[in-house]
Amino acid sequence: MIKIRLIFVLIFVLFILPFIKYFQLKGQEERILKEGISRVYTEKEFTTPRRKILDRNSIELATDIRRDTFIFSSNAEKEKIIEFSNKNSTEIFLNANKRIWFQNPVSRSFFNDSREYCDCKIIREEKYRRYYPFGSVASTLIGFAGTEGGLEGVERIFNSRLLTKSEKRKLIKDARQRIVMGDINHFIDDEENSLTLTLDINLQYKLQEELEKAVAMSESNAGAAILLDSNNGDILAVANFPTYNPNDPERKITKNIAFNQFYEPGSLMKPVTIAGAIKYGHVDFQTSIDTNPGRLVIPGKVITEAGGKNHGEISLTEVITLSSQVGTTKVGLQFDDRQIYENLENFGFGKNLNNNFTDGSGKILIREKYQPTEKAAISYGYSVEVNTVQLARAYTVFANQGVMVEPKILLDEPTTKKQVITQENAKFILDALRTVVTQGTARRMKNIDVEIVGKTGTTEKYFPGKGKGYTDGKYVSSFAAIFPYENPKYVLAITFDEPDPNNYYGGTISAPLVRSFVSYLKRTNYL
């Protein structure tokens, strides 16, 4: 009987214990669940990479790459680790003052072995570093970023669009508490959030290459060139020289000359003067100008033709073709005081671009009452300061049937257009610019594969300040081209700062660049 009772008690205990345990665990369910999750998941704070900068074909121009970095107390210690890295076939990405950036992530054992090899203290950093795959090719436009964010160029102007935030991410651990995987969506680079430029890196590379050759051949101090799509304002390439390598921590920054160096454009302003005079009714397509005897006396100045020539009685087309100083002055003197400023403003001079790239908007001489010498100077491109981009923008008027197109650098930016002169007026100037190439100051470009139109400009360089002024032997030479002539697609503007005083004419020193670059466009099906 006792045995039976013991069996019943045992059965009761075995039956009731699971229920007791269940109710005990039920009260601790939340704590146990949290402990289980903590063994499987962990959260870690990440600083996500800065967003990429892409060209119009989604080619990376700037990107963040994780670089393991060793920091040393002295360069002597650094040299030992360079030696050790070479022995172990560990590739170094960059060697700078007391720092080494490795091409790929390095293991903890390599780090420990390095410390033992040099018998020194090494600080190891695992950080993202900004990298520019094309180096100096577009650096003056793209700029660079540092730990404080964007510091120059596109990196600075659009810093807010390129910044990312630190965020916590959920990661999965294995039985040994090692992180094995996370939410893959967090690690996929979202190219939709990248900053896409209008730049075409193929055109940028070629234009930079040709500009550097032209600067060297002309012995110029500096140079700039910009290629615009004349239909929508896309900046396809911006070349500057000198330039710098943004990947080098010891880089010496050079400015974006195309945007930030202002100069008097000289004869490049003559088509603008003629187009304005037609618009205001001072002349028409059939007007002839008597330039005899090759000079014009106005109060305070004698205007003469280059080389002492006398062109006689010439048409408006010939005023542009021959770059007649006397002819242009006679046209310019017919403007009233309001029209002088208004015409320049209509063509975009004295006005900034629709971005924050430039250091200013240039200068236009403003007077309530212009003196004849001032009217003359403005008509042929003095007393006005422009940059190379403004010049390209103005020439879109002649390329685009009288419509000025605003240059833009972001691919998703809408196109801005403005009617400046009539279609007939623009066609008249375009035809005249063609004769500059076939018969005038740009004849060296006559036999290029593609029919181009253009205008040359050469001015004495002005140095502002007390005791300064125009200096003999110091010039700024430039050229603006539109092509193809029959169906304009591109505007190319080029500037040379202080070329060789024995070889400084804009048409002469620009010709090799234009010929080679336009031939490249045709060969690679851009034309």
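Structure first, text after, so check above.
Q: Which parts of the structure should I look at to understand helix α16 (residues 423-438)?
A: Along an α-helix, residues three or four positions apart point the same way, because every turn accommodates 3.6 residues. The terminal C-alpha atoms of α16, which comprises 16 residues, lie 23 Å apart, in line with the 22 Å expected from a rise of 1.5 Å per residue. Regarding α16, the residues found buried are N425, A426, F428, I429, L430, A432, L433, R434, T435, V436 and V437. Its buried side turned inward, α16 meets α10 (270-279), α11 (316-321), α15 (388-399), β22 (453-462) and β23 (470-483).

Q: Any chance you could explain empty space enclosed by the protein here in plain terms?
A: Remark: the empty space left among the atoms is shown by a probe the size of a water molecule rolled over them. If you walk through the whole model with that rule in mind, you get two cavities of 30 Å³ or more. Space inside the largest cavity adds up to approximately 90 Å³. Lining the largest cavity we find M269, V272, T273, G332, F335, I340, N343, L344, K375, I378 and S379. Elements with a contribution of two residues or more to the lining of the largest cavity: α10, α13 (337-346) and α14 (372-379).

Q: Quick question: what am I supposed to make of unusual backbone geometry here?
A: Trans is the common state for peptide bonds, and a negative phi is the common state for residues other than glycine. Omega for the bond connecting F241 with P242 falls within 30 degrees of zero, at 10°, which places this linkage in the cis form. In this fold, P242 is placed in the loop between β13 (235-241) and α9 (257-260). In this chain, N292 is followed by P293 through a cis amide linkage whose omega measures 0°. When you line up the elements, P293 lands in the loop between β14 (288-290) and β15 (295-298). For S89, which is not glycine, the phi torsion reads 55° and is therefore positive.

Q: Sorry if this is basic, but what is going on with the state of the cysteines here?
A: Working definition of a disulfide: a covalent bond connecting the sulfur atoms of two cysteines. For the structure on display, the rule yields one disulfide. The disulfide bridge from C118 ends at C120, spanning 1.8 Å between sulfur atoms. The S-S bond linking C118 to C120 shows a torsion near -75°; that makes this disulfide left-handed. C120 carries the same exposure label as C118, and that label is buried.

Q: Honestly, the environment of S194 in this entry has me stumped. Any pointers?
A: Of note, S194 is situated in the loop between β10 (179-182) and β11 (195-196). Overall, S194 belongs to the buried group, its relative accessible area being 8%. Aside from chain neighbours lying at most four places away, what touches S194 is K52 and L54.

Q: How do you make sense of the packing of aromatic side chains when you look at a structure like this?
A: Here a ring pair, both rings aromatic, is described through the centre-centre distance and the interplanar angle of the planes. One pass over the full model with this rule turns up 19 aromatic pairs. Seen in terms of ring centroids, F70 and F72 are 6.5 Å apart; in terms of plane orientation they differ by 75°. Their pairing is edge-to-face. Neither residue differs from the other here; F70 and F72 are each classed as buried. An aromatic cluster of three or more residues is present, and its members are F70, F72, F84, F102, F110, F111 and Y117. Seen from the ring of W101, R129 lies directly overhead, with NZ or CZ sitting 4.7 Å from the centre. The aromatic ring of F144 is capped on one face by R251, whose charged end is 3.7 Å from the ring centroid.

Q: Where do I start with the sheet that holds β13 in this structure?
A: Hydrogen bonding along the main chain pairs the strands of a sheet, whether they run parallel or antiparallel. Read across the sheet, five strands follow the order β13-β12-β24-β23-β22 without closing on themselves; strand pairing throughout is antiparallel. Two strands lie at the open edges of the sheet, namely β13 and β22, each paired on one side alone. Shown here is a sheet whose adjacent strand axes are inclined to one another by a mean of 10°, direction ignored. As defined by bridge partners, β23 adjoins strand β24 (residues 490-497) across eight bridges and the pair is classed as antiparallel.

Q: Help me understand the environment of S516, please; the structure alone is not making it clear to me.
A: By the secondary structure assignment, S516 is in helix α17 (residues 506-523). The class of S516 is partly exposed, set by a relative accessible area of 26%. Spatially, the C-alpha atoms of S516 and I448 are 8.7 Å apart, while their sequence positions differ by 68 residues.

Q: Even after reading the chapter, I still don't get the side chain of S519, so can you show me in this structure?
A: You can see S519 is positioned in helix α17. At 2.8 Å, the side chain of S519 and the backbone oxygen of R515 are in polar contact.

Q: Looking at this structure, I do not really get the pairing of β22. What am I missing?
A: Every other side chain in a regular strand lies on the same face of the sheet, so the side chains alternate between the two faces. The buried fraction of β22 is high, at seven of ten residues. When β22 meets β23, the two strands line up antiparallel, connected through nine bridges. If you follow K455 over to β23, its bridge partner there is A480.

Q: Teacher, can you tell me more about the environment of K87 here?
A: Looking at the element boundaries, K87 is found in helix α3 (residues 75-87). Within the structure, K87 has its side chain in polar contact with the side chain of Y117 (distance 3.1 Å).

Q: So what exactly am I meant to see when it comes to the nonpolar core here?
A: Buried together is how nonpolar side chains tend to be arranged in soluble globular proteins. Ranked by size, the top nonpolar core spans 116 residues in total, and within it L227, F347, Y395, F398, F483 and L492 carry the most contacts. For F347, the contacting residues outside a window of four places in its chain are V272, A275, A394, V397, F398, M404, V420 and I421. Of all hydrophobic cores here, the second largest spans 13 residues; its members include F72, V106, F111 and I122.

Q: Explain the packing of α10 against helix α12 (residues 325-332) here, please?
A: Packed helices, taken two at a time, are described by the angle their axes make and the gap between the axes. As a packed pair, α10 and α12 sit with axes 10 Å apart at the nearest point and diverge in direction by 35°. α12 is crossed by α10, and the crossing has left-handed handedness. Listed contacts from α12 to K270, T273, I274 and A277 of α10 are Q325, T328, V331 and G332. Classifying every residue of the contact of α10 with α12 by side-chain character gives three nonpolar, four polar and one charged.

Here is what the cut-offs are and how they apply
Residues numbered from 1 in each chain as written. Predicted model: local features only at pLDDT ≥ 70, side-chain atom pairs only at ≥ 80, totals over all residues. Heavy atoms only, no water. Helix = DSSP H or I, 4+ residues; strand = E, 2+ residues; numbered from the N terminus. Expected span 1.5 Å × (residues − 1). Buried < 20%, exposed > 50% of the residue type's maximum accessible area, 1.4 Å probe, protein only. Contact = heavy atoms within 4.5 Å. 1 Å grid on protein atoms, 1.4 Å probe; cavity = no way out; pocket = protein on both sides within 12 Å on 5 of 7 lines; lining within 4 Å. Points joined across faces, edges and corners; volume = space filled by probe spheres on them. Disulfide = S-S within 2.5 Å. Phe/Tyr/Trp six-rings, centres within 6.5 Å; stacked < 30°, edge-to-face > 60°. Lys NZ or Arg CZ within 6 Å of the ring centre and 35° of its normal. Pairing = 2+ DSSP bridges. Axes fitted to C-alpha atoms, helices over the stretch in contact; angles between N-to-C directions. Polar contact = N/O pair within 3.5 Å; in protein donor to acceptor, adjacent residues only side chain to side chain. Core = buried A, V, L, I, M, F, W, Y, C linked by side-chain atoms within 4.5 Å. Left-handed = near helix turned anticlockwise from the far one by under 90°. Nonpolar A, V, L, I, M, F, W, Y, C, P; charged D, E, K, R; others polar.

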